[in-house]
Amino acid sequence: MPKFTKFKCWILILIISFNEGLIEGRMNMKAVNKAIIKTIKVGHVETIDCYDIYRQPSLNHPLLCNHTIQMRPTLNPKGTKADISGTLELTQTWHKYGSCPEGTIPIRRKGKNYNPTILRKHHYARLSPFKTLVASKSNNTIDNYNLHEYAVIGVLGNFLGAQAKINIWTPFTEAHEMSISQIWVFSGEDKDLNTVEAGWHVYKDMYGDDQTRFFIYWTMDGYRSGCYNLLCDGFVQTTSNISLGCNFTEVSTFNGDQKDATFSIQKDQSSGNWWVKLQGISVGYYPSALFKELSRTATKVEWGGEIVNLKNEGQHTSTQMGSGHFPSEGGLKTSSYFNWVQVFDENNMIKDPENVRKIATNPNCYNLKIDNEHYGTNGYGFYYGGPGYNDKCQ
């Protein structure tokens, strides 16, 4: 890019950033007002703004100057089996109050309790499950090294993405903690670690409640920066039907109806962009320009659960993972599950994971069990989760 053009892009970004700062201070700027086509009030607790897709805030990212939006992925993976969409009726609470027009994207406004300092504290110097396991072995205890605990499976190789049908629950979380069930796509190490992540979580510090919400996350520098959803620029959204950070209207019940949804992260071979899909709907993508390591392929993929353990009461947290029940307690309708766990290999073929590594960083608190009994109906899968604090988990 010529130096003069690049200079103009930076000037434009500074101007837009300044305008956004004024908006947060209650001074409405014309540029942003024009970008918002419609506003939907969701009761007394949330607001959804329908942004013109071509004026969405993520396009302000300095690496996306003059970016051309890719409206849909170019190719489907080879070997895709029959429809494996989950049982979830894909609705979010805001759908009851209105819809965003075609050509716009729904963006949830930051809530009153939004505190970026707390969010950064939970994610700075965070490790992947693989690296956390190594750290825990070398330090004899995971708590001395990291606040995050995991029950996941993972594979190494070269991949264009991954997908799974994830069981949806509303686990209990203690103050300032979170519970996550997700897919990780990784490449790189340490400060050069790149990730794209997608799944559901309960995170009161971010949203002000304990509802189960769809989320995405990314980092390009080992969790030193990056963010959830659209809380920073980067993710280019293309759908008008799904709002990142909004809650699901249906969740599973103990010994009752089970709700699950198919989450997918896949690299578009033509553009290099990393697409996120939910129930087969293309939500949007992380442009290839954001990444160095993920500009090629992912070298690690993981699926499973994660919690933050702050030991608020001087003991292990009671924050639950998944359903809050161990896999050993009964499986379906009791423990949370991942079904149809698959990878997209470097030839864009969809396959079962091979040479799988199981990681439970604190199995007395949260564990994982491969499901070998239902492959014919559920594909490759596993049960996972746990209650946290108990007689064996102090």
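Predicted, not measured: the structure shown is a model, and the values here were computed from it. (Residues numbered from 1 in each chain as written. Predicted model: local features only at pLDDT ≥ 70, side-chain atom pairs only at ≥ 80, totals over all residues. Heavy atoms only, no water.)

Comments concerning the overall build of the chain
Okay, so step 1: If you tally the helices and strands in the chain, you get six helices and 18 strands.
Okay, so step 2: Every one of the 394 residues in the chain was classed for burial, and the buried ones make up 55%.
Okay, so step 3: Within the chain, residue pairs in contact and separated by at least 24 positions form 74% of the contacts whose partners lie at least 6 positions apart.
Okay, so step 4: Split by element, the accessible area of the chain, about 17700 Å² in all, is 50% carbon and sulfur. (Helix = DSSP H or I, 4+ residues; strand = E, 2+ residues; numbered from the N terminus. Buried < 20%, exposed > 50% of the residue type's maximum accessible area, 1.4 Å probe, protein only. Contact = heavy atoms within 4.5 Å. Areas by Shrake-Rupley, 256 points an atom, 1.4 Å probe, with all protein chains shown as cover.)

Some remarks on the state of the cysteines
Okay, so step 1: Inspection of the entire model under this criterion finds three disulfides.
Okay, so step 2: Residue pairing for cysteine 50: its cysteine sulfur links by disulfide to cysteine 100, the two sulfurs lying 2.0 Å apart. Across the S-S bond of cysteine 50 and cysteine 100 the torsion is about -80 degrees, and the bridge reads as left-handed. Here cysteine 100 lies in the loop between β2 (46–52) and β3 (104–108) and cysteine 50 lies in strand β2, a separation of 50 residues in the sequence. The burial state of cysteine 50 is the same as that of cysteine 100; both residues are buried.
Okay, so step 3: For cysteine 246, which is in no disulfide, the shortest distance to another cysteine sulfur is to cysteine 100 and amounts to 9.8 Å. (Disulfide = S-S within 2.5 Å.)

What to know about the nonpolar core
Okay, so step 1: Judged by nonpolar contacts, the single largest core of 60 residues is most densely connected at Phe214, Phe263, Trp274, Tyr286 and Trp303.
Okay, so step 2: Judged by nonpolar contacts, the second largest core, of 16 residues, contains Ile180, Trp184, Tyr207 and Tyr228. (Core = buried A, V, L, I, M, F, W, Y, C linked by side-chain atoms within 4.5 Å.)

Structural notes on the confidence of the model for the chain
Okay, so step 1: In this model, the chain carries an average pLDDT of 86, and 80% of its residues clear a pLDDT of 70 or more.
Okay, so step 2: Taken as a whole, residues 123–127 scores under 50 in pLDDT and shows 23 contacts with residues more than four places along the chain or in a different chain. (pLDDT = per-residue confidence, 0-100.)

Overview of the environment of histidine 67
Okay, so step 1: Considering the arrangement of structural elements, one finds histidine 67 in the loop between β2 and β3.
Okay, so step 2: The sequence separation of histidine 67 and valine 236 amounts to 169 residues, and the corresponding C-alpha distance is 9.9 Å.
Okay, so step 3: Side-chain polar atoms of histidine 67 contact the side chain of tyrosine 285, separated by 2.7 Å. (Polar contact = N/O pair within 3.5 Å; in protein donor to acceptor, adjacent residues only side chain to side chain.)

Some points on the pattern of salt bridges
Okay, so step 1: Inspection of every chain in the model, using the stated rule, returns eight salt bridges.
Okay, so step 2: A salt bridge links aspartate 49 to arginine 109; the shortest N-O distance between them is 2.6 Å. Linking aspartate 49 in strand β2 with arginine 109 in the loop between β3 and α3 (116–123), this pair joins segments that are 60 residues apart in sequence.
Okay, so step 3: Exposure remark for aspartate 49: the relative accessible area of 3% places this residue in the buried category.
Okay, so step 4: By relative accessible area, arginine 109 is classed as partly exposed at 40%. (Salt bridge = Lys/Arg side-chain N within 4 Å of Asp/Glu carboxyl O.)

Brief notes about the side chain of glutamine 266
Okay, so step 1: Within the secondary structure layout, glutamine 266 lies in strand β10 (residues 260–267).
Okay, so step 2: There is a polar contact of 2.8 Å between the side chain of glutamine 266 and the side chain of asparagine 348.

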